[in-house]
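What follows is each chain in one-letter form.
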Amino acid sequence: MTSADLISLLQGAAVTVALSLAAIVIGVPLGLGFAILVWRRIPLVQLIVKTYVSLIRATPLVTLGLLIYFALPAVGLQTGPVTAAILTLAINTTAFNCEIWRAGLMDFPKDQLDSAQAFGMSWPHTFRRIMLPQLARTCLPALVNEMTLLLKGSPAIAVVGIVDVTRAAVRIGANTYEPLPPFLLATALYAAIVFVFVRAQRWLERPSKLDEVRV
Amino acid sequence: MIRDFSIVFENVDRLLIGLMNTLVLSTSGLLLSLLIGIVFAAALMADNRFVVRLTRALVDTMRCIPFLLLAYLVYYALPSLGLNFNNWTSGLLAIVVYNAGYMAEILRGVWAQLPRESIDAGSAFGFYGWNLYLRIILPQVVLAAIPMIGNQSIQVIKDTAFLMIIAVPELTHAASSIQSKYYVPFAAFISAVALYWAMCSVIEAGVRRVERIAQVRR
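First things first, this report covers the structure right here in the doc. (Residues numbered from 1 in each chain as written. Chains lettered and ligands numbered in written order. Predicted model: local features only at pLDDT ≥ 70, side-chain atom pairs only at ≥ 80, totals over all residues. Heavy atoms only, no water.)

A few words now on the packing of helix 4 (residues 67–80) of chain B against helix 5 (residues 87–113) of chain B. Residues and elements named next belong to chain B. Between helix 4 and helix 5, whose axes approach to 9 Å, the crossing angle comes to 130°. Considering the angle they form, helix 4 stands oblique to helix 5. When you trace helix 4 past helix 5, the crossing you get is right-handed. Between helix 4 and helix 5, the contacting residues are Phe 67, Leu 70, Ala 71, Val 74, Tyr 75 and Leu 78 on the first element and Asn 87, Ser 90, Leu 93, Ala 94, Ile 95, Val 97 and Tyr 98 on the second. Each residue belonging to the contact of helix 4 with helix 5 can be placed in one class, and the counts come to eleven nonpolar, two polar and no charged. (Axes fitted to C-alpha atoms, helices over the stretch in contact; angles between N-to-C directions. Helix = DSSP H or I, 4+ residues; strand = E, 2+ residues; numbered from the N terminus. Parallel < 35°, antiparallel > 145°, perpendicular 65-115°, else oblique. Left-handed = near helix turned anticlockwise from the far one by under 90°. Contact = heavy atoms within 4.5 Å. Nonpolar A, V, L, I, M, F, W, Y, C, P; charged D, E, K, R; others polar.)

Moving on to the nonpolar core. Leu 9, Val 62, Trp 101 and Phe 183 of chain A together with Tyr 133, Ile 137 and Leu 163 of chain B are the most contacted members of the largest nonpolar core, which totals 125 residues. The dominant element in this core, judged by the number of residues it contributes, is helix 7 (residues 129–159) of chain B, at twelve residues. Look past the residues within four positions of Trp 101 of chain A in its chain and what remains in contact with it is Val 28, Gly 31, Leu 32, Ala 35, Leu 135, Ala 136, Cys 139 and Leu 143 of chain A. (Core = buried A, V, L, I, M, F, W, Y, C linked by side-chain atoms within 4.5 Å. Buried < 20%, exposed > 50% of the residue type's maximum accessible area, 1.4 Å probe, protein only.)

Here the focus is the layout of surface pockets. Size it by volume and the largest pocket reaches roughly 1,300 Å³. Only helix 4 (81–106), helix 6 (123–153) and helix 8 (180–205) of chain A together with helix 3 (49–64), helix 5 and helix 7 of chain B provide two or more residues apiece to the lining of the largest pocket. It is helix 6 of chain A that provides the largest number of residues to the lining of the largest pocket, a total of eight residues. Residues that form the lining of the largest pocket fall into these classes: 18 nonpolar, eight polar and ten charged. (1 Å grid on protein atoms, 1.4 Å probe; cavity = no way out; pocket = protein on both sides within 12 Å on 5 of 7 lines; lining within 4 Å. Points joined across faces, edges and corners; volume = space filled by probe spheres on them.)

Now for the environment of Val 96 of chain B. Residues and elements named next belong to chain B. One can find Val 96 in helix 5. Among the residues examined, Val 96 registers a relative accessible area of 8% and is labelled buried. A sequence separation of 68 residues divides Val 96 from Ser 28, and the C-alpha atoms of the two residues are 8.5 Å apart. The contact partners of Val 96, leaving out residues within four places of it in the chain, are Gly 29, Leu 32, Ser 33 and Ile 36.

The next subject is helix 7 (residues 165–176) of chain A. Residues and elements named next belong to chain A. Taking 1.5 Å per residue as the helical rise, helix 7 with its twelve residues ought to reach 16 Å, and the 16 Å between its terminal C-alpha atoms agrees with that figure. Listing the buried residues of helix 7 in full gives Val 165, Thr 166, Ala 168, Ala 169, Val 170, Ile 172 and Gly 173. Just downstream of helix 7, Tyr 177 is the residue with a positive phi angle, here 60°. (Expected span 1.5 Å × (residues − 1).)

This part is about the packing of helix 8 (residues 171–182) of chain B against helix 9 (residues 185–217) of chain B. Residues and elements named next belong to chain B. Following both chains from N to C, one finds helix 8 and helix 9 inclined at 165°, their axes separated by 8 Å at the closest point. With respect to their mutual orientation, helix 8 and helix 9 come out roughly antiparallel. In the crossing of helix 8 with helix 9, the sense of the turn from one axis to the other is right-handed. Of the residues in helix 9, those in contact with Leu 171, Thr 172, Ala 175, Ser 176 and Gln 179 of helix 8 are Pro 185, Ala 188, Phe 189, Ala 192, Leu 195, Tyr 196 and Met 199.

The next thing to look at is the pattern of salt bridges. Residues and elements named next belong to chain A. Under the defined criterion, the tally for this structure stands at seven salt bridges over all chains. In this structure, Arg 102 and Glu 99 form a salt bridge, with 3.2 Å as the shortest nitrogen-oxygen distance. One end of the pair is Arg 102 and the other is Glu 99, both in helix 4 and three residues apart, which spans about a single turn. A relative accessible area of 23% means that Arg 102 is categorised as partly exposed. On the basis of relative accessible area, Glu 99 is assigned to the partly exposed category, the value being 27%. (Salt bridge = Lys/Arg side-chain N within 4 Å of Asp/Glu carboxyl O.)

The next point concerns a nonpolar patch on the surface. On the surface, Met 1, Leu 6, Leu 10 and Leu 185 of chain A cluster together into a nonpolar patch covering about 330 Å² of accessible area. Residue position: Leu 185 of chain A is located in helix 8. (Patch = residues over 30% accessible without salt bridge, like charges linked within 9 Å, V, L, I, M, F, W, Y side chains within 5 Å. Areas by Shrake-Rupley, 256 points an atom, 1.4 Å probe, with all protein chains shown as cover.)

All names here are of chain B. Turning to its location among the elements, Asn 11 is positioned in the loop between helix 1 (2–10) and helix 2 (12–44). Given a relative accessible area of 9%, Asn 11 falls into the buried group. Here Tyr 182 takes part through its side chain, which lies 3.4 Å from a polar atom of the side chain of Asn 11. Residue contacts for Asn 11: discarding those within four places in its chain leaves Ile 178 and Tyr 182. (Polar contact = N/O pair within 3.5 Å; in protein donor to acceptor, adjacent residues only side chain to side chain.)

Here's what the structure looks like:
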């Protein structure tokens, strides 16, 4: 392995992180939005969201990627590999995030909502000041867990022509006839990325000054 | 659009062969990985610290890397060490090795939550070692772990789709070959998605059933 190979592996890692982050930035809030629609039992919309979640939970990322990459142009929507990749990852992670947020919403203590109403808080206000801060706390571990799952699924976007870490490692292995070193390095890179996510979770979970006041 | 689906329907035999391969790969992969996971779980709960550390490192590595990377490793890197497998066996091997780690972790987690009484009662009746594990601990652990094993099974079915990249003729590979021959991308992949959905629904229904049986037993 040359230094050029090393650079292409690192570039692949940057692609993996960038595309996954893009999907997370889309998927986490969108998942929350969908979860609220189900939680508030909006007729029809709730059914559509539930079907979407159930379908996507069962669909492999590879199949979803191929579907988006080949079928969208067939209906007249031209997408490049990057758009297709972000769409694939975002559609996938939104469904799983929706399930996580929904579980959080279902477990949310009803008496808090009643007291908020008794104090005359509007629903958006209640949501922003009462629900979201607590929901974010309880859902964070599951959300980060889903992010690491997304990272581990992200090599699927190789099927739409993206060169991520895994694809870069395969290319180097094919050129040098020594696949083991790039694969091991790629493994270390994934471990490092996942480690950063888990550390970020610890950091977000750290006790804040607000908690001290509350105690 | 209807014409596209009728093309897929004319090639339904290819899709069904792919479905068969996906089913055979997932079930045999799951059973083998569960067997290895049972041994690994015992190693994770062992008294010998060296055994625990070694197994923990192995299990954690598997839980850290993407499945596709492991499949590539088995497919491309093992031959350079003198071990040659065809695509299908490489795929199966990757599924087994990868999921053995997850199964071990699932079983260990459930085992750690198990009430002490039944285990103590078992040893009071003279069960020890593997006999205690296989006859007293494991049946309870597996029954309690069924929902998680079900989730993992869904994950395995979805992971088999990665194997199309190393040319294993599974469901997504079949859909992809139909699409590239007739250019019917939407119909081909939607049919595959529907079949994946059906498989996962069957697993979910099965898990619910077993959960009910487990509740009755308790």
